[in-house]
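# Understanding the architecture of this molecule
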Amino acid sequence: MKYNITIIGAGIIGSSIAYCLSKYDCSILVVDKENDIANEVSMANSAIVHAGHDPEDGTLKALLNVEGNRMYPQLCEDIGARIRHVGAYTVMTSPEQQATMDALIKRAEERNIPYEVLTAEEARKEEPNLADDVIKVLSLPSTAIIIPWEVALKQMQVAVLNGTEVKLNCEVKAIRKNENGYVLETSQGEIETEYVINCAGLYADRIANMIAPLDIHTNPRRGEYFVLSHDAKDFVHHIVYPIPTDKGKGILAVPTVDENILLGPNAEETGSCEAINTTSSGLGYIRQELARSVKNVPFHHTIRTFAGLRPSISTKDFYIKKAEGEENFLNLLGIDSPGIASAPAIARYVDDLLKLPYEVKASYETKNPYRFNFQDLTPEEKDAYIKEHPAYGNIVCRCEQISEGEIIQSIHEVLGAHSIKSVKKRVRPGMGKCQGGFCQPLVLEILARELKVRPEDVLYDQIGSNVVLDWKGGNGNA
Ligand SMILES: Cc1cc2nc3c(=O)[nH]c(=O)nc-3n(C[C@H](O)[C@H](O)[C@H](O)COP(=O)(O)OP(=O)(O)OC[C@H]3O[C@@H](n4cnc5c(N)ncnc54)[C@H](O)[C@@H]3O)c2cc1C
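Now for a look at the structure at hand. (Residues numbered from 1 in each chain as written. Predicted model: local features only at pLDDT ≥ 70, side-chain atom pairs only at ≥ 80, totals over all residues.)

Take the overall build of the protein next. When helices and strands are counted, the protein shows 12 helices and 22 strands. In terms of overall dimensions, the protein is globule-like: its C-alpha atoms have a radius of gyration of 23 Å, near the 23 Å expected for 478 residues. The principal-axis extent of the C-alpha atoms belonging to the protein is close to 60 × 60 × 45 Å. Split into buried and exposed, the 478 residues of the protein put 48% on the buried side. If you take every contact in the protein between residues at least 6 apart in sequence, the share linking residues at least 24 apart comes to 72%. (Helix = DSSP H or I, 4+ residues; strand = E, 2+ residues; numbered from the N terminus. Rg over C-alpha atoms; globule rule 2.2 N^0.38 Å. Buried ≥ 20, exposed ≤ 12 C-beta atoms within 10 Å, placed from the backbone. Contact = placed C-beta atoms within 7 Å.)

It is worth spelling out the environment of Asp-215 at this point. Examined against the element boundaries, Asp-215 turns out to sit in the loop between helix 6 (204–209) and strand 13 (219–228). You can call Asp-215 exposed: it has 7 C-beta atoms within 10 Å. Spatially, the C-alpha atom of Asp-215 lies 8.9 Å from that of Asp-205, the residues being 10 residues apart in sequence.

This part takes up the pairing of strand 11 (residues 181–186). Within a regular strand, side chains alternate between the sheet's two faces. Summarising the sheet, strand 10 (residues 172–178) and strand 11 pair through six bridges and their orientation is antiparallel. When the sheet's bridge partners are listed, Asn-178 is paired in strand 11 with Gly-181. In this structure, the hairpin formed by strand 10 and strand 11 is closed by a connection of two residues. The sheet contact formed by strand 11 and strand 12 (residues 189–198) spans five bridges and is antiparallel. By the bridge assignment for strand 12, Val-183 is matched with Glu-192. (Pairing = 2+ DSSP bridges.)

When strand 19 (residues 319–322) meets strand 20 (residues 329–333), the two strands line up antiparallel, connected through four bridges. Note on strand 20: the bridge partner recorded for Ile-320 is Leu-332. From the end of strand 19 to the start of strand 20, which pair antiparallel, there are six residues, and Gly-325 there has a positive phi angle of about 75°.

This next bit is on helix 5 (residues 148–161). Given a rise of 1.5 Å per residue, 14 residues ought to cover 20 Å, and the 20 Å separating the end C-alpha atoms of helix 5 matches this to within 8%. For helix 5, the complete set of buried residues consists of Pro-148, Trp-149, Glu-150, Val-151, Ala-152, Leu-153, Lys-154, Gln-155, Met-156, Gln-157, Val-158 and Ala-159. Contact partners of the buried residues in helix 5: helix 1 (12–21), helix 2 (60–79), strand 8 (144–146), strand 9 (165–167), helix 8 (339–354) and helix 11 (420–427). Looking one or two residues beyond helix 5, the residue adopting positive phi is Gly-163, at roughly 110°. (Expected span 1.5 Å × (residues − 1).)

What follows covers the site of the ligand. Surrounding the ligand, one finds 42 residues, the nearest of these being Gly-9, Gly-11, Gly-201, Gly-223 and Gly-339. Contributing elements (two or more residues each) for the shell around the ligand: helix 1, strand 18 (302–312) and helix 8. Looking at side-chain class alone, the shell around the ligand contains 22 nonpolar, 13 polar and seven charged residues. Looking at which domains feed residues into the shell around the ligand, each of domain 1 (1–84 + 144–218 + 313–367) and domain 2 (88–141 + 221–309) gives three or more. (Near = placed C-beta within 6 Å. Nonpolar A, V, L, I, M, F, W, Y, C, P; charged D, E, K, R; others polar. Domains from an automatic or database assignment.)

The antiparallel open sheet is built from three strands, whose spatial order is 3-8-4. Both outer strands of the open sheet, strand 3 (48–49) and strand 4 (83–84), are each paired with one neighbouring strand and no more.

Shown next as structure tokens:
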């Protein structure tokens, strides 16, 4: 198989690049070793579109975060992804933090980032659960939250509608050069390509080393979280950050798009790209550190804990450069935070850097046609819709109130759901209080029926993650 461009990695970075480059009249392939779009770093993080005041002057992070933040509202409008401009409160709790606060304000001013300095009393009117020690607050209203895997999926769907091919479960194992460009040796055979864009996240250093040795190594840094149920949704309405230190942004309280609360993350070097387990020490540290910025934390509403790994490198900046001596091989390494906030700007930067020789197509899509969201309807509109489409009246996930119709819809879209986890990522059954205890067998039955496979063949996530060994029939609800 021969392509003009092959993108390695279907996280938010690979998806943003595919979305951007799919305007060109050329063949594009995206490969990912996982069984779904955005299954690694882009699935487990704080999901914040930071304002851009935090990265140091002169870094790619500063440049691309500020630009990415400005691009997000239009991007989300075009692809039909949800974004909430909840704003951020950076809280100062001791006079020694004034110098850092001043530096953040200076950067916000120089970068034209809207901000306001609030007294503790002013801030407490909005956020009564700020810690008693809070002296002053830097408010950054352009800070937003998204669902990173939704943004990735919706961009990739548009890329596919523009002709991009996506191969999942396709692991790149080796790369060699030939007279036309590169040959990728993958778990699905050889792929010939003129250009390679390596955005393999945690594994990007390994891919880079397949073509030209690079003295930069990914150093996975784990971040753990508590997830609180909707019952805690009024705990905070803004993202509450402490004043950052040289160790990072600190422990945050983050409202999510779907009205949960995330508490975390810590930052611990793991030395392993697989260490996505949570630890009692990590979660204990989050409990302790969070008390610096907020009080009355409703930990009793915890429904889950999880961890993600930052693909950090020692220079602490994004590394986006062509491989040594290779005009057509681009490496993206160290795309840790603010990678999500910067993703659309990273894609534009990559486009500018590569100077591709292809014409822009006479017509291509920028808008995602899959825009119907049953949850957005009013109760009256829902009633009317259910009369026409009864499956939307059959509630499968009681915690999140997700209907059979929405699950079926997610299965039949481009890059549709095909595993229990991919249904959960797209329409949320299993994200509520019972964490799938009630709805998982029903989702499994719907998947089997819609995909025309045996229930025994339905996967939780990866190949081999079959859920049932012997199906005796469901409870008939689905
Ligand atoms: C705890 C934590 C909190 C964070 N919070 C924020 C935040 O609030 N805001 C923000 O802006 N950023 C945040 N980030 C950073 C952000 O999550 C990342 O910058 C972003 O998700 C990176 O996306 P990616 O596409 O580069 O990586 P990924 O999503 O990991 O995608 C890389 C893909 O490459 C694939 N791949 C790897 N090796 C191979 C191979 N050999 N063959 C084929 N495919 C391969 C993987 O399967 C994967 O899907 C956070 C990160 C963490 C861990």
